[in-house]
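# Survey of secondary and tertiary structure
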Number of protein chains: 2
Amino acid sequence: MQNDLMPNFLKNRSYLTPNRVAVYFNNRQLTFHELYERSVETAGKFQSQGVRRGQYVGVLLKNHLDTIVVLFALQLLGVRAVILNNRLTSSEIIWQLKDSQAAFLITEKSFADKELEIRDMIPTLPTLIKEQLDSLPMETPDIEEEINLGDVCTIMYTSGTTGKPKGVMQTYGNHWWSSVGSALNLGFTDSDCWLCSVPLFHISGYSILMRSVIYGMPIVLHESFDVEKIIEDFHSKRVTIMSVVGTMLTRIVDFIGEEQLPQSFRCMLLGGGPAPLPLLQFCVAKDIPVFQTYGMTETSSQIVTLSPEYSISKLGSAGKPLFPSQVRIMLDDGRRAQEGETGEIFVKGPNVTPGYLNRPGAMLDRTKDGWFSTGDIGYLDDEGFLYVLDRRSDLIISGGENVYPAEIESVLLSHPFVKDAGVTGQEDERWGQVPIAFIVIKERIAVSRNELELFCMERLAKYKVPKDFKFVEELPRNASNKLLRRKLKGEH
Amino acid sequence: MQNDLMPNFLKNRSYLTPNRVAVYFNNRQLTFHELYERSVETAGKFQSQGVRRGQYVGVLLKNHLDTIVVLFALQLLGVRAVILNNRLTSSEIIWQLKDSQAAFLITEKSFADKELEIRDMIPTLPTLIKEQLDSLPMETPDIEEEINLGDVCTIMYTSGTTGKPKGVMQTYGNHWWSSVGSALNLGFTDSDCWLCSVPLFHISGYSILMRSVIYGMPIVLHESFDVEKIIEDFHSKRVTIMSVVGTMLTRIVDFIGEEQLPQSFRCMLLGGGPAPLPLLQFCVAKDIPVFQTYGMTETSSQIVTLSPEYSISKLGSAGKPLFPSQVRIMLDDGRRAQEGETGEIFVKGPNVTPGYLNRPGAMLDRTKDGWFSTGDIGYLDDEGFLYVLDRRSDLIISGGENVYPAEIESVLLSHPFVKDAGVTGQEDERWGQVPIAFIVIKERIAVSRNELELFCMERLAKYKVPKDFKFVEELPRNASNKLLRRKLKGEH
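Residues numbered from 1 in each chain as written. Chains lettered and ligands numbered in written order. Predicted model: local features only at pLDDT ≥ 70, side-chain atom pairs only at ≥ 80, totals over all residues. Heavy atoms only, no water.

So, about the sheet that holds strand β4 (residues 56–60) of chain B. Residues and elements named next belong to chain B. Taken in spatial order, the seven strands line up as β7-β6-β4-β5-β9-β10-β20 in an open sheet, and their pairing is mixed. Of all the strands in the sheet, the pair left with one neighbour each is β7 (127–129) and β20 (355–356). Two elements, strand β9 (residues 152–158) and strand β10 (residues 166–171), share six bridges in a ladder whose sense is antiparallel. Following the sheet pairing, Tyr 157 is matched in β10 by Gly 167. (Pairing = 2+ DSSP bridges. Helix = DSSP H or I, 4+ residues; strand = E, 2+ residues; numbered from the N terminus.)

By a simple turn and slide, chain B fits onto chain A: the slide is 0.0 Å along the axis, the RMSD is 0.1 Å, and the turn is 180°. With respect to symmetry, the two chain copies, as superposed, fit the operation of a two-fold axis. In terms of C-alpha distance to the rotation axis, chain B has B:Phe188 as its closest residue, with the C-alpha 2.6 Å off the axis. Taken as a fraction of all interface residues of chain B, those also at the interface in chain A reach 100%, which identifies the copy contact as same-surface. (Least-squares fit on C-alpha atoms with pLDDT ≥ 70 in both. Contact = heavy atoms within 4.5 Å.)

Now for the side chain of A:Ser197. Residues and elements named next belong to chain A. Tracing the sequence through the fold places Ser 197 in the loop between β11 (194–196) and α7 (203–215). You can call Ser 197 buried: its relative accessible area is 6%. Excluding its chain neighbours within four sequence positions, the residues that come into contact with Ser 197 are Asn 63, His 222, Ser 224, Phe 225, Ile 230, Met 242 and Met 248. (Buried < 20%, exposed > 50% of the residue type's maximum accessible area, 1.4 Å probe, protein only.)

Right, let's talk about the side chain of A:Glu298 for a bit. Considering the arrangement of structural elements, one finds A:Glu298 in the loop between β15 (290–296) and β16 (301–305). A polar atom in the side chain of A:Glu298 sits 2.7 Å from the side chain of A:Tyr356. (Polar contact = N/O pair within 3.5 Å; in protein donor to acceptor, adjacent residues only side chain to side chain.)

Attention shifts here to the domain arrangement of chain A. All names here are of chain A. Parsing chain A into structural domains produces domain 1 (5–386) and domain 2 (396–491). Centre-to-centre separation of domain 1 and domain 2, based on C-alpha positions: 29 Å. Here domain 1 packs against domain 2, burying approximately 1,300 Å² in sum over the two surfaces, 51% of which is carbon and sulfur. Among the residues domain 1 hides against domain 2, the three largest losses belong to Arg 87, Glu 92 and Thr 247. Together they make up 30% of the total. One can count two salt bridges joining domain 1 with domain 2. Run the count over domain 1 and domain 2 and you get seven residue pairs in polar contact (both at pLDDT 80 or more). Among the elements of the structure, α4 (90–99) and α9 (246–256) are those that each provide at least two residues to the side of domain 1 that touches domain 2. (Domains from an automatic or database assignment. Buried area = accessible area lost by both parts, 1.4 Å probe. Salt bridge = Lys/Arg side-chain N within 4 Å of Asp/Glu carboxyl O.)

Written out as structure tokens, the structure reads:
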């Protein structure tokens, strides 16, 4: 028997439990059968425009009921969705569209400005506007009746230490195993309902979609994080689980004040970097069930999660791996770390990406004996609980978004007056961290903070633009001229 | 990443949730950590006797805490367990041990008689007696840290239309996907607890073991079906799920009378052939949550199950496939059946066996385009619910045990006075069905019912011995001389 074939997720779910609610969005709702029917229709429209199996197709949309339909329509056709972070600038998006050789761009009216700029730079790229799909002819789409778990489902770009973002390939199997691993850890009942106010273009949001269809579970989709509406839906939709990042959790805690969350609510799945200990302690005291997690785009969502029974005794730990996955700590000298010894975190499992789009070398660089090097620093305690001490060497996490210093530095270095640039994170009450830049100006030249900020604004998503620019004589570098980012703050 | 590798199930579970209870048995209990420690110790004893990775090892044991330890010890060593039905006669067991080329037999004192006979017939086969393990030297066992989902975990013999039993190979992946498919269908919470009073040598019992370790869920193991003890444990152990066959369900219903099952109990998973409709209706009226299922050794437990929301409206249906699996009906002319059309049931999925031990041809005979032919007859209604009309052509299901007419016939035909023999099922109030035999005696010979019964008793497990022998002139056969078993009863 071929163990890698499975019935098409959405079609199968629509067959198994057609009448269960799949999505609540504002005042609307769709059952799995309705979601399937609408996705088939949309797939037919896409096909009439030439969208075909195996293509890479850019998706630039906000969280919306239609976005879910678009994403499933692409799955039905066997198209690989290049899911674009809609906070990026046009030039960042263009770079990703070109890098993935996208055959189409699917977007919406509210991004008309960006769309114009994209069309300007890639005139050959056909664009499909969400609001204009109705007017397109409808073909009977060629549905993928069975999917191969090894096939690529989605591409999400992340940067890293090298500056330019790389497209992480997430297979159907990656998403499947992530969902199953999470279900085995958190449990799952037919009264579960997952609230999604994180972006669908992030793995944190997209993975909720996949769980919905694999578990047969409704999700409550929000366009953005609005704490009042969220607490309202906790009650009216009987939400049981929500994915949050630290800043969201803080705002929820502030908002409810003396109130309690409803009894039915059972899990606050906390990702996007380590949360401050006082926040966690406060949640324990208030009976808010927080499950700390550790994961990344390359692991298709959480790979390590703190189980319910340890939420108090192991406060601050990210927990243990999901059942199908494994974690280990390696020392610089290649030895495996002992209990309590700090080193680099390596992971392994069927939810780990097979690699980066068109960059086989980049994956080889990060893989040792089948283990994936996260670049993050941590240790396992005497019972095997993971403690993450420091994210990917220089990664800054700002309001749940990953910000890579190297990417910002390469923009700054492209400024004609900048001789050298280094970026690092600074603590921030609202966002956890924000990027700040250290600049060496070319000799006999003057340039203002404002000018650099504008320069960045044009080229980088807002959350990546440094909140401060400090002018310095030189940057700390080691013997082999590698920038020592951690020394930036110390030395200046 | 290698998607077929997973951490050793028991070792991983012991790492993830060491302190959860794994098994209750009589007045004892073991946590996952304790179960792992004991299994490692037993694995060390086995290894000291020459038990090695990749061997086939016969297991002839009753339901007992030690049996669970033995079965997991074999998993830790990467040994393939040939799990023997302990109701079989010595000659049946010997046949399976020879067929699988078993390197060892693990058994217990209570089967001393059988063990003597086996040793007589296979003097080269080393035997390990459960009660004597303590006296064996202990080695540090070579634990399989990772398992390959494609590796064979267990062998269970089933017969079929051909007479001699065949060893069904069940891989780790088969068991894994079966467990996951069931969890996605039934849901799973950390208050779940599964009662196992079905034999561990059947897939119905062994699959509960696998779910226990994959979910991190306690099981309550019973040596046999004792309705009073079972209801007692429903309360004292807060059992939520139990696997039953029709005859067990009847006795539970009779026993509780006017009482209700405890609120915490949520699922009576009913396998082993279709249950009588009045029993199901009675359970609905009494709020006993019965989930009808359809499955076989070759699908590593249920592959089709009736979901909670349809237990009333689709009473009598076996339901829909588990998420990773598929079912379809094929007509004799090779066409796929329409809604409501009756034909042969075919199944597909990662829980379906890769084949029969040393009999690649037998699997090819039952596979078409990747679909496995069950031999059973049924139809799908307009919503895709499966109705099983008739089990595998001639299969008799007696008290949950599969009885294959061809196997009994071949024993009868080996009697020197029997010229022809045909076996079919007869309704039975207690067992659902029992086998009865139709015999054509050689000319001018007299033989008594008693003599034939004794002859069978020596060669067949008790539940296979015909409950009646009818002497006839000839048997109904078609033009190509194939026995028409269904006509046996009608014509006589």
